[in-house]
Amino acid sequence: MAGATGASALAALAGPAEATTIGATLIEFFSILATGEELFVTFYSNAIKNHVQLGLYGDELNALKAIRAEEQLHLNLALSQGGVPATSQFSMPHGHETFEDRSLFLQTQELGEELTNGALLAWIKDTASMGLPRLAELGGRLMQVEGGHRVMGRVIMGEDPIPNWGFGPVVLEHFTDVPAAVKAAGFLSPGPGNTFDFHAVSPSFPGVINTTPGTI
């Protein structure tokens with residue numbers, strides 16, 4: 001689990017107290033990750049449920065289903081490492097209109113994936129600074145996938161050019177800044193008329209490569 005991973009990785013470099021502290025930090029990291037992945041499984045599930053209103057059919061709908069499966073894969077990993085979601089209820093920046101208006105949905109999708117990429121960049125920086133290269137590598141592997149989700153949204157949106165980042169922006173100093181940033185964006189303030197519940201989905205989808213990252 002996450003605490004054991006941190007302790008074993010630092011065994012040769014740190015005393016028991018430091019290893020325990022880093023283990024607790026990793027539990028916090030995987031809990032933040034698990035919360036974010038539950039959010040985006042919820043986000044894509046609602047888009048798929050309302051695909052007719054959003055005008056999403058064929059390849060576009062198929063892409064969203066594949067993305068949702070990938071988010072569930074990431075969630076399962078976070079849970080397996082000791083992550084505990086802070087909540088399973090979420091809000092959307094535009095409430096239910098997010099899934100009634102195609103433009104609002106795609107704007108929200110791009111915002112969400114940009115936040116995710118920024119969060120994972122902070123994960124890489126923080127875990128590397130802790131001397132945990134395998135966890136930094138994991139952040140890079142997740143970021144590769146989430147970057148693809150952002151580009152897929154821009155394809156559906158019909159943006160020109162579709163790829164528009166020469167370098168991804170640095171938006172967060174540390175991974176522990178993620179909850180505040182996600183709340184400020186409007187995803188963590190559920191209330192009357194703007195509450196969306198998480199429900200797990202299958203992590204399997206035709207064509208999605210379902211492999212674990214191995215020992216981390």
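Residues numbered from 1 in each chain as written. Predicted model: local features only at pLDDT ≥ 70, side-chain atom pairs only at ≥ 80, totals over all residues. Heavy atoms only, no water.

### Brief notes about the overall build of the chain
Stage number 1. Along the backbone of the chain there are seven helices and two strands.
Stage number 2. Start at the N end of the chain and walk to the C end: the helices and strands fall as α-α-α-α-β-α-α-α-β.
Stage number 3. Taking 216 residues into account, the globule formula puts the C-alpha radius of gyration at 17 Å, and the chain, at 17 Å, falls close to it.
Stage number 4. If one aligns the C-alpha atoms of the chain with their principal axes, the spans along those axes are about 55 × 40 × 30 Å.
Stage number 5. For the chain, the proportion of its 216 residues judged to be buried stands at 46%.
Stage number 6. For the chain, restricting intrachain contacts to residue pairs at least 6 apart in sequence, the fraction spanning at least 24 positions comes to 81%.
Stage number 7. Carbon and sulfur atoms form 59% of the exposed surface of the chain, whose accessible area is close to 10,100 Å².
Stage number 8. Computed over 10 positive and 22 negative side-chain charges, the inter-centroid distance for the chain is 3 Å. (Helix = DSSP H or I, 4+ residues; strand = E, 2+ residues; numbered from the N terminus. Rg over C-alpha atoms; globule rule 2.2 N^0.38 Å. Buried < 20%, exposed > 50% of the residue type's maximum accessible area, 1.4 Å probe, protein only. Contact = heavy atoms within 4.5 Å. Areas by Shrake-Rupley, 256 points an atom, 1.4 Å probe, with all protein chains shown as cover. Lys, Arg positive; Asp, Glu negative; His and termini not counted. Charge placed at Lys NZ, Arg CZ, Asp CG, Glu CD.)

### Considerations on the pattern of salt bridges
Stage number 1. Counted under the stated rule, the structure contains seven salt bridges.
Stage number 2. Glu110 is the salt-bridge partner of Arg150, the closest N and O atoms lying 3.5 Å from each other. Taken together, the residues Arg150 in helix H6 (residues 133-157) and Glu110 in helix H5 (residues 102-129) connect sequence positions 40 residues apart. With respect to burial, Arg150 and Glu110 carry one shared label: buried.
Stage number 3. For Arg134, the salt bridge is made with Glu137, and the minimal N-O distance between the two is 3.2 Å. Taken as a pair, Arg134 and Glu137 lie in helix H6 at a separation of three residues, close to a single helical turn.
Stage number 4. Among the residues examined, Glu137 registers a relative accessible area of 42% and is labelled partly exposed. (Salt bridge = Lys/Arg side-chain N within 4 Å of Asp/Glu carboxyl O.)

### What to know about the packing of helix H4 (residues 58-80) against H6
Stage number 1. In contact at an axis separation of 11 Å, H4 and H6 are set at 160 degrees when each is read in the N-to-C sense. Considering their axes alone, H4 and H6 lie roughly antiparallel with respect to each other. In this structure, H4 meets H6 at a crossing whose hand is left-handed. In contact with Glu60, Ala63, Leu64, Ile67, Glu70, Glu71, His74 and Leu77 of H4, H6 contributes Leu138, Leu142, Val145, Glu146, His149, Met152 and Ile156.
Stage number 2. Here the contact of H4 with H6 is built from residues that sort into nine nonpolar, two polar and four charged. (Axes fitted to C-alpha atoms, helices over the stretch in contact; angles between N-to-C directions. Parallel < 35°, antiparallel > 145°, perpendicular 65-115°, else oblique. Left-handed = near helix turned anticlockwise from the far one by under 90°. Nonpolar A, V, L, I, M, F, W, Y, C, P; charged D, E, K, R; others polar.)

### Concerning the confidence of the model for the chain
Stage number 1. With 91% of its residues at a pLDDT of at least 70, the chain reaches an overall mean of 92.
Stage number 2. Every residue in residues 1-13 scores below 50 in pLDDT, and together they form 18 contacts with partners more than four places removed in sequence or on other chains. (pLDDT = per-residue confidence, 0-100.)

### Things to note about the packing of aromatic side chains
Stage number 1. Using the criterion set out here, one finds 11 aromatic pairs in the structure.
Stage number 2. Ring geometry for Phe29 against Trp123: centres 5.6 Å apart, planes inclined by 45 degrees, an arrangement best described as tilted. Of this pair, Phe29 sits in helix H2 (residues 16-49) while Trp123 is found in helix H5, placing the two residues 94 residues apart along the sequence.
Stage number 3. Summarising the aromatic geometry, the rings of Phe40 and Phe43 are spaced 6.2 Å apart at their centres and angled 75 degrees between planes, so their arrangement reads as edge-to-face. Taken together, the residues Phe40 and Phe43, both in helix H2 and three residues apart, mark about one turn of the helix. In this pair, the class of Phe40 matches that of Phe43, namely buried.
Stage number 4. Among the aromatic residues, those joined into a ring-pair cluster are Phe40, Phe43, Tyr44, Phe99, Phe105, Phe187 and Phe196.
Stage number 5. Stacked on the ring of Trp165, the Lys or Arg Arg150 has its end atom at 3.7 Å from the ring centre. (Phe/Tyr/Trp six-rings, centres within 6.5 Å; stacked < 30°, edge-to-face > 60°. Lys NZ or Arg CZ within 6 Å of the ring centre and 35° of its normal.)

### With respect to a nonpolar patch on the surface
Stage number 1. A contiguous nonpolar surface patch, about 190 Å² in accessible area, is contributed by Val151, Val155 and Ile162.
Stage number 2. Here Ile162 lies in the loop between H6 and helix H7 (178-184). (Patch = residues over 30% accessible without salt bridge, like charges linked within 9 Å, V, L, I, M, F, W, Y side chains within 5 Å.)

### Focus on the nonpolar core
Taken as a class, soluble globular proteins show a tendency for nonpolar side chains to be buried jointly.
Stage number 1. If you look at the biggest cluster of nonpolar residues, it comprises 48 residues, and the most contacted ones within it are Phe30, Leu64, Phe105, Trp123, Leu135, Leu138 and Phe175.
Stage number 2. Within the residue set of this core, elements represented by two or more residues are H2, H4, H5, H6 and H7.
Stage number 3. Among the elements that make up this core, the one with the highest residue count is H2 (14 residues).
Stage number 4. Beyond its immediate stretch of four places on either side in the chain, Phe105 contacts Phe43, Ala47, Leu54, Leu56, Leu64, Thr98 and Phe99. (Core = buried A, V, L, I, M, F, W, Y, C linked by side-chain atoms within 4.5 Å.)

### Re H5
Stage number 1. Between its terminal C-alpha atoms H5 stretches 41 Å, which fits the 40 Å expected from 28 residues at 1.5 Å a residue.
Stage number 2. Sitting at the head of H5, Asp101 places a side-chain oxygen 3.0 Å from the backbone nitrogen of Ser103.
Stage number 3. Taken from the residues just after H5, Gly131 is the one with a positive phi, measuring 75 degrees. (Expected span 1.5 Å × (residues − 1). Polar contact = N/O pair within 3.5 Å; in protein donor to acceptor, adjacent residues only side chain to side chain.)

### Thoughts on the environment of Val171
Stage number 1. With respect to the helices, strands and loops of the structure, Val171 is situated in the loop between H6 and H7.
Stage number 2. Taking the relative accessible area as the measure of exposure, Val171 reaches 46% and is therefore partly exposed.
Stage number 3. The spatial distance from the C-alpha of Val171 to the C-alpha of Leu132 is 22 Å, given a sequence separation of 39 residues.

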